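Structure assessment
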Amino acid sequence: MTIRRTLRGVLALSAAAAVALAGCTSRNDPGQDPEPGDDTGGAAVEDLTIAFVPKLQGIPYFEAMNTGGQQAAEELGFEWLYQGPTTADAAAQADIVRSFIQQGVDVLFVAPNDPNSMAPLLEEAQNAGVHVATTDTDAPDSVREVFVNQASVEGIGQALTDALMEAMGGSGQYAIVSCGETAANLNAWIEVQEAYTASEYPEAEIVDIVYAGEDQAMATQMATDLMNSHPDLTGLVGECTSSAPGVAQAVEDAGRIGEVFTVGLGTPQSMLPYLESGASSGSILWDVEALGYLTGWAGVQLATGGDLGDTSSLTDDSLSEVSYDEASGELLLGPPTIFTAENAGDYDY
Amino acid sequence: MTVTDARAPEEVSLRRILPPVVTGQEVVLLAVLAVLWVLLGIFTPAFLTAGSIGPLLVQVAPIALIGVGMTFVIITAGIDVSVAGMIMVCAVVTARTLVGADVPAVVAVALAVALGAVLGSVNGLLIAYGRVHPIIITFGTANVFTWLGLRVFDSSTVNNIPGTLSFLGRGAAGSTLGVPHSFALTLVAVAVAWWFLRYTRAGRNLYAIGGNQNAARLAGIKVQPRLVSVYLVTGALAGLAACMIIATGTSTLDQSVGAGKELQVIAAVVIGGTSILGGRGSVVGTLLGALLVQTVVSGVTQLGWPTQLGFLFVGVFILVAVGTDLIRERARRRA
């Protein structure tokens, strides 16, 4: 009896823990016909299927990329598929990538949650005759043919720092609320912020860097804790789209608008109320729909053997600064965009 | 555990067989909490200011509130791992209603609580009458609820949520004389639940069911309705907690809402000294457990220590709490 009940208790606990690991589902895209993989070099654009697997589905950021991709599909005539996991989970993402390989898509774009574990899968896809590429987040040591990069690491890190320093008057203590502790792009930006702050703004100091996961409420609580433990803190950076509104909310709740300034990487719609109230001094991001469009365009170039360096067919203003670096295989969207109370309302994501 | 006879209880005899008002685990928790607060107060003087404690209590409120229901559930030797799914469904439906219909706060809260109660009663009915272990049932419904929530989200976020619920939030509107409304509400729930578990026949019955379900049934306790009610209450409280979560969030709600909350709630209950084997436990302990967890997490941030240490501390607390409970249980059986 004792043993059985002890076991039951242990089972209860371990199964409870398993929920966190297993609680992921994914939605299927409706109405897509599986096609056998074939060699598509120089194929007609009308027959192309280009698939994009985001880090997760259902957040404004990737939905906006999807909108851009769909727009490219309409204009250029290919079929655009979009499916991602409902949590930023590497294993669930891998399943979706596998299913796209089996469907024999022509081009596969991934924004990997875990670049290391994605690399062998990309190789598998390539062996199956699929053109593989990354967008939004790179998998540097993989067989990907191109990385569609939203903005350079330096560009983002420096724009964030400059925007914050402008609000803080070029000096003072600030802290960073980041998200995933292992997210390569976030960590790269933070490195630039640290170096750039040290070299350009010697009177400013980064006092702490904390990690809230992709949890907005956690980011708010951590920002609150940081403001309390550092009474002289006058700046906060929300390093991703969930922590950017999170830190602004913390400043608003604490009633310290005008004393503590925040900047972050937030989507315009989610930041608009904070930009208007002054809780956020600026949101640094890029035109996400344009990034989605560029992703679709790059897919067409890969599948048809086109030249990625020839950007003359990209006529929209949002794509005027696109550049291609052959050595690194990076297609760069351009410098980041700074959203303020004035222009954030113009974007519907 | 003690089973009160349905006809016997004169006040005196009931009092005599009740366990002490305060248990050892609660004293230990209170002591740990006090030591931590004093230490944090010394090392980061801002910790004990209103600007720090207030938001901490707001953060604790939804966890402790659901913890009240979860304590009932675990006392009956059950468990509910569908809490996160229930929060998600209640939060997204309420948020969409607030955006679309601009209903007053009372209606929004009532909607969330009613919806939570419906979801909870699904759990309760399946568990009481299906006679399958609660972890299996609620694991199943957790996934169904998550699916339901994602359907309502429909691959987008809920934007521009009005401040209707801000009286439950972190800001100035969320507290009176420095006491956050959400935490006050949770305190009331804890007090009522404490009285219910200790002094009502229905409350004592929960302990009896958790101690030995068959014996409880033979003693004439209506086991099934009682089981349905504990899951229903947990669901209703999850609905109310969802309102607090909307209020403390930003004006945007995304599908990560509620994620991981079921484990935070179970952690609070277990650290609070409620036996995962059923038959023993207290809501006061759960409240202290929730406070302890958030104190540690906030403390780690305020001390400038690496964030991941918070996980280590919470993990150790759970292991120590479960370990002492199992040792105590063994000692009791040997005695």
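What counts and how
Residues numbered from 1 in each chain as written. Chains lettered and ligands numbered in written order. Predicted model: local features only at pLDDT ≥ 70, side-chain atom pairs only at ≥ 80, totals over all residues. Helix = DSSP H or I, 4+ residues; strand = E, 2+ residues; numbered from the N terminus. Buried ≥ 20, exposed ≤ 12 C-beta atoms within 10 Å, placed from the backbone. Contact = placed C-beta atoms within 7 Å. Domains from an automatic or database assignment. Nonpolar A, V, L, I, M, F, W, Y, C, P; charged D, E, K, R; others polar. Pairing = 2+ DSSP bridges. Axes fitted to C-alpha atoms, helices over the stretch in contact; angles between N-to-C directions. Right-handed = clockwise from strand over helix to strand, strands pointing away. Expected span 1.5 Å × (residues − 1). Arc of directions from axis to C-beta. Core = buried A, V, L, I, M, F, W, Y, C linked by C-beta atoms within 7 Å. Parallel < 35°, antiparallel > 145°, perpendicular 65-115°, else oblique. Left-handed = near helix turned anticlockwise from the far one by under 90°.

Moving on to the overall build of chain A. When helices and strands are counted, chain A shows 10 helices and 13 strands. Burial status across chain A gives 56% buried among its 349 residues. Across chain A, the fraction of contacts at a sequence separation of at least 24, relative to all contacts at a separation of at least 6, is 73%.

All names here are of chain A. By domain assignment, chain A separates into domain 1 (28-150 + 288-334) and domain 2 (153-285). With centres defined by C-alpha atoms, the gap from domain 1 to domain 2 works out at 30 Å. Opposite the eight residues of domain 1 that make contact, domain 2 presents eight residues. Class assignment of the residues belonging to the side of domain 1 that touches domain 2 gives a composition of seven nonpolar, one polar and no charged.

Residues and elements named next belong to chain A. What the six strands build is an open sheet, ordered 7-6-8-9-10-13; its pairing is mixed. Sheet topology places strand 7 (204-211) and strand 13 (337-339) at the edges, where each strand pairs with a single neighbour. Shown here is a sheet whose adjacent strand axes are inclined to one another by a mean of 20°, direction ignored. Where strand 8 (residues 233-238) lies against strand 9 (residues 261-264), four bridges are found, and the strand directions are parallel. Across the sheet, Gly 235 pairs through a bridge with Phe 261, a residue of strand 9. Lying on the sheet, helix 5 (residues 153-168) is in contact with strand 6 (172-178), strand 7, strand 8, strand 9, strand 10 (282-285) and strand 13; it crosses strand 9 at an angle near 165°. Against the sheet, helix 6 (residues 184-200) engages strand 6 and strand 7, with an angle of about 165° to strand 7.

A few words now on the pairing of strand 7 of chain A. Note: strand 6 of chain A against strand 7 of chain A, seven bridges, orientation parallel. Following the sheet pairing, A:Gly172 is matched in strand 7 of chain A by A:Ala204.

Another aspect to go through is the pairing of strand 4 (residues 131-135) of chain A. Residues and elements named next belong to chain A. By the criterion of burial, strand 4 is predominantly enclosed, with five of the five residues buried. Side-chain alternation along strand 4 places His 131, Ala 133 and Thr 135 on one buried face and Val 132 and Thr 134 on a second face that is also buried. By the bridge criterion, four bridges tie strand 3 (residues 107-110) to strand 4 in an arrangement that is parallel. Its bridge partner being in strand 4, Leu 108 is matched across the sheet by Val 132. With helix 4 (residues 115-127) bridging strand 3 and the parallel strand 4, this β-α-β connection has right-handed handedness. Across two bridges, the pairing between strand 4 and strand 5 (residues 147-149) is parallel. Bridged to Thr 134 within strand 5 is Phe 147.

Next up on the list: helix 4 of chain A. Residue and element names in this part refer to chain A. A rise of 1.5 Å per residue sets the reference length of helix 4, with its 13 residues, at 18 Å; its end C-alpha atoms lie 18 Å apart and thus fit the reference within 8%. Looking only at helix 4, the buried set comprises Pro 115, Met 118, Leu 121, Leu 122 and Ala 125. Relative to the axis of helix 4, the buried residues are bounded by an arc of 120° and lie together on one face. More than 90 degrees from the buried face of helix 4, the exposed residues found are Pro 120 and Asn 127. Its buried side turned inward, helix 4 meets helix 3 (90-103), strand 3, strand 4 and helix 6. Just downstream of helix 4 lies Gly 129, where phi reads positive at about 90°.

Taken residue by residue, the interface counts 45 residues in chain A and 49 residues in chain B. Sorting the residues of the side of chain A that touches chain B by element identifies helix 1 (2-22), helix 2 (60-76), strand 7, helix 7 (216-229), helix 8 (243-253) and helix 9 (268-277) of chain A as the ones contributing at least two each. Top element by residues in the side of chain A that touches chain B is helix 1 of chain A. It accounts for 11 residues. For the side of chain A that touches chain B, the per-class residue count stands at 18 nonpolar, 18 polar and nine charged.

For the rest of this paragraph, the subject is the nonpolar core. Judged by nonpolar contacts, the single largest core of 212 residues is most densely connected at A:Leu108, A:Val177, B:Ile87, B:Ala91 and B:Cys243. Looking at which domains feed residues into this core, each of domain 1 (28-150 + 288-334) and domain 2 (153-285) of chain A supplies at least three. In contact with B:Cys243, other than residues within four places in its own chain, are B:Thr94, B:Ala108, B:Val109, B:Ala112, B:Leu165 and B:Leu168.

So, on to the packing of helix 5 (residues 105-130) of chain B against helix 10 (residues 223-248) of chain B. Residue and element names in this part refer to chain B. Between helix 5 and helix 10, the shortest axis-to-axis distance is 6 Å and the interhelical angle comes to 150°. Between helix 5 and helix 10, the interaxial angle falls into the category roughly antiparallel. Two packed elements cross with a definite hand, and for helix 5 against helix 10 that hand is right-handed. Among the residues forming the contact of helix 5 with helix 10, the class breakdown is 22 nonpolar, 10 polar and no charged.

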